[in-house]
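Secondary and tertiary structure notes
If you want the building blocks of each chain, they are given just below.
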Amino acid sequence: MALSRAQTNSGESLISSTFASRYVRTALPRFRIPEQSIPKDAAYQIINDELMLDGNPRLNLASFVTTWMEPECDKLIQNSVNKNYVDMDEYPVTTEFQNRCVNMIAHLFNAPIGEDETAVGVGTVGSSEAIMLAGLAFKRKWQNKMKAEGKPHDKPNIVTGANVQVCWEKFARYFEVELKEVKLREGYYVMDPAKAVELVDENTICVAAILGSTLNGEFEDVKMLNDLLVAKNAETGWDTPIHVDAASGGFIAPFIYPELEWDFRLPLVKSINVSGHKYGLVYAGVGWIIWRNKEDLPDELIFHINYLGADQPTFTLNFSKGSSQIIAQYYQLIRLGFEGYKDIMQNCRDNAAVLREGVENMGYFHLVSKDSGVPLVAFSLKDSSKYTVFEVVESLRRFGWIVPAYTMPADAEHIAVMRMVIREDFSRGLAERLITDLKKVMVEMDAHAKKHGHHEHVKKTAHQIEKEVTTYWRTFVARKKHSLVC
Ligand SMILES: *Cc1c(COP(=O)(O)O)cnc(C)c1O
């Protein structure tokens with residue numbers, strides 16, 4: 001994210017555009033609202049020209065977020081951009097679509113729905129908002145319980161792996177909950193369930209497991225976590241729950257790993273989030289949070305508004321937002337159905353396998369992603385003494401490929417990896433092309449290293465390499481201001 005800063009010399013920085021000069025004769029100030037209007041075609045041209053320098057979303061292998069939808073759905077999106085989602089009384093059909101989506105997803109995650117059990121859920125801007133809401137519900141439930149027992153309730157904590165996505169750190173800091181992270185180690189890049197359960201104490205509001213680690217796509221073992229936590233709860237008398245962050249895996253596992261028990265089939269799983277805009281196959285701007293039972297969402301967090309029409313319960317962080325992503329999610333769910341999603345996820349898995357094989361056969365890399373999990377290929381260099389993965393991804397950029405490289409979190413910071421995420425629109429042909437380009441880059445890197453005297457005999461120690469990787473990474477991050485991992 002770019003946190004924009006105001007510029008002091010704002011008046012002097014001007015945009016000039018050759019095309020635009022056809023329509024307008026004065027250059028536009030960059031950082032101040034211009035005095036005069038300009039014609040609409042000039043505005044379009046200026047903005048469109050400047051946007052040409054953005055990367056091509058389809059070649060962006062850094063992100064899990066959808067970059068292609070069918071033209072029919074694009075049309076539905078276009079037709080609904082002027083609908084504010086929060087005006088539920090005015091747009092009851094859109095509200096009904098959200099309810100259908102929540103129901104479909106709750107069923108997909110095997111929510112127990114019976115006489116006195118009803119799952120509840122809500123559409124959000126993404127998994128980050130969903131996770132804030134889930135975290136708040138856990139925090140409030142825990143506080144209520146501690147208060148009722150006459151115990152202190154001012155030091156809540158949450159147990160996660162050190163591999164969590166940044167939104168968990170945000171939740172912890174914004175809502176004042178201590179984050180207790182299970183450290184990783186070389187060769188094991190997800191939360192170890194046994195260590196997580198060891199960290200649980202009476203102040204733990206929940207343990208958060210990830211279905212599809214951002215770093216290597218691996219699914220954490222939620223079943224084992226559930227079993228270990230059931231035992232600990234029985235022993236201590238606590239009832240520490242589990243949240244599953246299925247941002248990327250929630251629309252993968254039900255279709256291609258139906259036997260895997262990670263969802264509401266496990267009794268301690270009380271809430272699950274998923275990003276509609278990742279493998280839910282909708283453009284950026286939609287996520288979902290589902291609670292196992294309405295008792296898992298404390299009533300006092302729900303607001304009731306009536307100034308837009310009938311009584312409307314709401315539990316979201318923001319008020320207004322667009323409707324089009326909800327409509328697009330409904331489109332995907334009914335258009336693709338179970339079999340459609342399954343086909344797409346299988347294709348992604350197959351394409352990831354082609355890419356993985358190509359990468360492995362080159363001989364330069366250690367894979368850090370697994371065969372199952374989110375369809376991505378993450379790998380580190382076997383030998384970082386001559387060049388690093390950061391240099392490799394920089395060279396790949398020349399061919400148009402946008403690939404992120406990053407170091408692992410504690411205690412595996414000395415491992416630097418690059419990651420290629422496979423989405424629906426990443427075809428087999430593109431995978432083959434990428435392998436060819438990566439090979440070219442590696443040959444060049446070797447030739448360059450040789451020319452500059454990096455021979456085998458100048459072998460560096462592991463510690464030196466680690467230091468170099470970290471230094472490189474720091475300057476890389478400082479330059480970019482943000483990492484490409486999302
Ligand atoms: C992407 C991701 C998030 C954040 O989700 P957004 O929908 O981008 O807000 C959280 N957790 C995991 C595991 C993710 O992959």
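In this report, the structure presented in the accompanying data block is examined.

Each value, and the rule that gives it
Residues numbered from 1 in each chain as written. Predicted model: local features only at pLDDT ≥ 70, side-chain atom pairs only at ≥ 80, totals over all residues. Axes fitted to C-alpha atoms, helices over the stretch in contact; angles between N-to-C directions. Helix = DSSP H or I, 4+ residues; strand = E, 2+ residues; numbered from the N terminus. Parallel < 35°, antiparallel > 145°, perpendicular 65-115°, else oblique. Left-handed = near helix turned anticlockwise from the far one by under 90°. Contact = placed C-beta atoms within 7 Å. Nonpolar A, V, L, I, M, F, W, Y, C, P; charged D, E, K, R; others polar. Pairing = 2+ DSSP bridges. Core = buried A, V, L, I, M, F, W, Y, C linked by C-beta atoms within 7 Å. Buried ≥ 20, exposed ≤ 12 C-beta atoms within 10 Å, placed from the backbone. Domains from an automatic or database assignment.

1. Let's talk about the packing of helix α9 (residues 324-361) against helix α11 (residues 428-451)
Two numbers describe how α9 lies on α11: the axes approach to 9 Å, and their chain directions differ by 15 degrees. Comparing their axes, α11 and α9 come out roughly parallel. For the crossing formed where α9 meets α11, the hand is right-handed. Counting all contacts with α9, which are made through Asn-351, Val-354, Leu-355 and Gly-358, the residues of α11 involved are Arg-428, Ala-431, Leu-434 and Ile-435. Residues belonging to the contact of α9 with α11 are distributed by class as follows: five nonpolar, two polar and one charged.

2. A look at the sheet that holds strand β14 (residues 405-407)
Strand order across the open sheet formed by four strands is β12-β13-β15-β14, with antiparallel pairing between neighbours. Two strands lie at the open edges of the sheet, namely β12 (365-367) and β14, each paired on one side alone. For this sheet, the mean inter-axis angle between neighbouring strands, taken without regard to orientation, is 35 degrees. Pairing analysis gives three bridges linking β14 to strand β15 (residues 416-421), with the strands arranged antiparallel. Across the sheet, the residue bridging to Tyr-406 is Val-417, located in β15. On top of the sheet, α9 reaches β12, β13 (376-381) and β15; it is set at about 15 degrees to β13, its chief contact. In this fold helix α10 (residues 389-396) packs onto β13, β14 and β15, with an angle of close to 35 degrees to the strand it touches most, β15.

3. Here we look at the nonpolar core
Of all hydrophobic cores here, the largest spans 122 residues; its most connected members are Val-207, Ala-209, Val-222, Ile-242, Val-244, Ile-290 and Val-417. With 13 residues, the single largest contributor to this core is α9. Residues from two domains meet in this core; each of domain 2 (75-332) and domain 3 (348-480) gives at least three. In contact with Val-417, not counting residues within four places along its chain, are Val-368, Ala-378, Phe-379, Ser-380, Val-389, Ala-405, Tyr-406 and Met-408.

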